[in-house]
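Inside the fold
Spelled out from the first residue to the last, the chains are:
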Amino acid sequence: MDLRLTPEDIAFRDEVRQFCKDSLPDEIRQRQINGQRMSKDDIVAWQRILNKKGWAAPLWPVEYGGTGWDATRYFIYKEECFRAWAPETLSMNINLVGPVICAFGNAQQKEFFLPKVRNLDVWFCQGFSEPSAGSDLAGLKTRAVRDGDNYVVNGQKLWTTGAHRSDWMFALVRTDPVAKKQKGISYILIDMKTPGITVRPVITMDGNRHVNEVFFEDVKVPVTNLIGEENKGWDYAKYLLGNERIGIARVGLTKARIALAKLLAAGVQVDGKPLSEEPRFREKVALIEVELKALEMTNMMVVAAIKKSAGKGQDPRTSVLKLKGSELQHATTELLLEVAGPLGMARQVGFLESTTDETIGPDWSATTALNYFQGRAATIYGGSSEVQRNVVAKGVLGL
Ligand SMILES: Cc1cc2nc3c(=O)[nH]c(=O)nc-3n(C[C@H](O)[C@H](O)[C@H](O)COP(=O)(O)OP(=O)(O)OC[C@H]3O[C@@H](n4cnc5c(N)ncnc54)[C@H](O)[C@@H]3O)c2cc1C
């Protein structure tokens with residue numbers, strides 16, 4: 001298998017690199033380098049820049065604003081965006097609900113939602129997990145009962161990222177309580193302004209509000225907001241573009257963080273010499289780099305395989321990418337915290353929404369502990385490491 005880039009791919013890589021350099025606003029890049037949390041405005045601004053260029057939703061069908069890139073190009077694009085410290089596009093809109101509307105929505109839904117989803121004129125959150133339905137999602141209990149032209153929704157969602165700043169939710173609800181678990185679930189779009197919805201914060205250990213619990217009490221959702229057929233929601237929720245998990249390892253982000261850690265460590269003095277020259281630190285960096293190289297090779301092998309199969313079906317090796325990629329994200333947030341030392345804890349943590357601006361030490365160090373704590377979630381969301389190991393055992397190792 002040839003894992004080298006063709007001259008055309010290299011020219012494409014240079015084009016993306018130049019575009020990111022010219023188009024990513026400096027203040028957003030600097031906030032990213034400093035590890036500061038992206039505001040809604042930052043994410044919207046970058047996504048609109050990409051949308052103007054025609055790159056906001058690369059994997060959607062071309063007729064709905066996609067680029068028609070193959071797996072290699074998409075991989076290159078993702079890596080270059082990470083390399084440039086660009087914020088990630090809103091996954092809920094671009095990777096999750098958008099492709100489902102493209103594939104299963106009706107003409108009105110496509111016309112109404114797709115341009116807004118791509119341009120971030122509407123912000124979606126994902127209402128799947130519940131208090132007793134996470135890894136075992138099919139056990140979800142939130143009920144939607146048909147009443148004339150509406151569904152009446154009652155129940156609770158949990159861990160809903162960004163629900164407090166979302167306009168819409170794509171949700172899985174139980175429409176047939178008698179049918180077997182996966183069979184009685186429907187996929188509906190809920191306007192978050194509808195009466196009967198209560199959003200409450202769940203504060204994570206970085207002291208911030210990323211996730212929420214969302215309660216539904218007799219919430220009326222028009223039947224026209226049903227995607228596809230009633231009770232087929234499980235199939236739609238499982239639908240992912242074959243290429244969508246290509247960037248899941250975030251190799252580019254880990255590379256950028258290692259480069260940053262090395263640069264910063266050169267300016268930190270330990271026992272009269274730079275931390276970057278300290279043997280234990282160097283060994284730690286080298287071990288991460290070796291693992292990252294192996295991950296990058298695996299990522300390219302998966303890209304080549306997906307390209308060959310024209311993106312049909314899920315390659316179980318993408319679970320290796322999620323598993324190892326998230327472990328290396330842990331390793332690099334830890335590395336940056338080590339570089340910051342005690343200054344990593346210097347930021348005053350505020351309650352809800354944000355931290356205060358009072359910091360001791362340079363801007364970059366003040367965020368390292370918060371990002372270390374928040375980064376722990378990477379091995380849980382999007383399918384926990386244990387669940388990924390099950391997929392690898394069965395799908396890759398054939399156990
Ligand atoms: C920061 C964050 C953001 C999130 N955002 C969203 C969101 O926007 N929308 C949304 O719907 N959900 C979201 N989630 C929820 C996420 O998808 C779930 O947390 C995840 O699927 C795990 O489910 P759970 O928390 O119920 O844990 P459980 O499924 O109860 O798992 C508990 C433990 O058991 C292990 N386990 C479970 N099943 C198995 C098995 N079969 N074999 C071996 N081990 C197993 C798990 O790995 C875990 O360690 C988010 C979670 C986090 C942490």
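Just so you know, the residues in each chain are numbered from 1, in the order the chain's sequence is written. Owing to the predicted nature of the model, reporting of local features is limited to residues with pLDDT of at least 70; listing and counting of side-chain atom pairs is limited to 80 or more, with chain, interface and lining totals taken over all residues. The basis for every side-chain value is the complete set of heavy atoms in the structure, and neither hydrogens nor water enter the calculation.

All right, on to the pairing of strand 2 (residues 143-147) then. Two strands qualify as a pair provided DSSP detects at least 2 bridges between them. Labels follow the DSSP assignment, with helices taken as runs of H or I lasting at least four residues and strands as runs of E lasting at least two, numbered in each case from the N terminus. Here strand 2 runs beside strand 3 (residues 150-158); their pairing, made up of five bridges, is antiparallel. Bridge pairing links Asp147 to Asn150 in strand 3.

Attention now goes to the domain arrangement of the chain. What counts as a domain boundary in this text is fixed by an automatic or database domain assignment. For the chain, the domain assignment lists domain 1 (7-89), domain 2 (124-236) and domain 3 (244-396). Between two residues, a contact is recorded if the distance between any of their heavy atoms is within 4.5 Å. Listed by partner, the interface residues are 17 residues for domain 1 and 21 residues for domain 3. Two parts placed together each lose some accessible area under a 1.4 Å probe, and the buried area is that loss summed for both. Each partner contributes to the roughly 1,600 Å² buried at the junction of domain 1 and domain 3, and carbon and sulfur atoms together form 63% of this total. Together, Phe75, Phe82 and Trp85 form the three largest contributors to the area buried by domain 1 at its contact with domain 3, with a combined 33%. We count a salt bridge whenever a side-chain nitrogen from Lys or Arg sits within 4 Å of a carboxyl oxygen from Asp or Glu. Ionic pairing is found between Glu88 and Arg250, a salt bridge with its closest N-O pair at 2.9 Å. Residues adjacent in sequence count toward polar contacts only when both atoms are side-chain atoms; beyond that, a polar contact is any pair of N or O atoms within 3.5 Å, and within protein one must be able to donate a hydrogen and the other to accept it. Seen at the junction of domain 1 and domain 3, the total is four residue pairs in polar contact (both at pLDDT 80 or more).

Cavity means a closed set of points on a 1 Å grid over the protein atoms alone, one where a 1.4 Å probe fits but cannot get out, pocket means an open set with protein on both sides within 12 Å along at least 5 of 7 lines, and lining means a residue has an atom within 4 Å of a point. Grid points are joined across faces, edges and corners, and a volume is the space filled by probe spheres set on the points. This structure, assessed with the given rule, holds two cavities of 30 Å³ or more. Lining the largest cavity are 15 residues, and of these Tyr77, Lys78, Cys81, Glu88 and Thr89 sit closest to its centre. Of all the elements in the fold, those that place two or more residues in the lining of the largest cavity are helix 3 (40-53), helix 4 (71-83) and helix 5 (91-104). It is helix 4 that contributes the most residues to the lining of the largest cavity, five residues altogether. Here the lining of the largest cavity is composed, by residue class, of 11 nonpolar, two polar and two charged. Polar here means any residue other than Ala, Val, Leu, Ile, Met, Phe, Trp, Tyr, Cys and Pro, which are nonpolar, and Asp, Glu, Lys and Arg, which are charged; Gly is therefore polar.

With that settled, the discussion passes to the site of the ligand. Taken together, 16 residues form the shell around the ligand, and within it Ser135, Trp159, Thr161, Ser384 and Glu386 come nearest. A distance of 2.7 Å is found between a nitrogen atom of the ligand and a side-chain nitrogen or oxygen belonging to Ser129. In the model, a nitrogen atom of the ligand is placed 2.9 Å from a nitrogen or oxygen of the Trp159 main chain. If the ligand stood free it would expose 970 Å²; the protein chains cover 65% of that surface. Here, proximity means that at least one heavy atom of the residue falls within 4 Å of the molecule or strand. Per-residue and other accessible areas were derived by the Shrake-Rupley procedure at a 1.4 Å probe size, with only the shown protein chains allowed to occlude residues.

Evaluation of the coordinates by the stated rule reveals 20 salt bridges. A single network of salt bridges, built from pairs that share partners, joins Glu291, Lys324, Glu327 and Arg389.

On to the nonpolar core, then. Nine residue types can take part in a nonpolar core, namely buried Ala, Val, Leu, Ile, Met, Phe, Trp, Tyr and Cys, and a core is a set of them joined through side-chain atoms within 4.5 Å. A 1.4 Å probe rolled over the protein chains alone gives each residue an accessible area, and that area as a share of the maximum for its type sets the label: buried under 20%, exposed over 50%, partly exposed in between. Counting 85 residues, the largest nonpolar core has Tyr77, Phe124, Tyr187, Leu189 and Val339 as the members making the most contacts within it. Residue contributions to this core peak at nine residues, all from helix 9 (residues 279-308). Among the nonpolar cores identified, the runner-up in size contains 18 residues, and Ala144, Tyr151, Met169 and Met192 belong to it.

Moving on to unusual backbone geometry. For Trp85, which is not a glycine, the phi torsion comes out positive at approximately 65 degrees. Residue position: Trp85 is located in the loop between helix 4 and helix 5. We note that Trp159 has phi near 65 degrees; this positive angle belongs to a residue other than glycine. Locating Trp159 in the fold gives a position in the loop between strand 3 and strand 4 (168-174).

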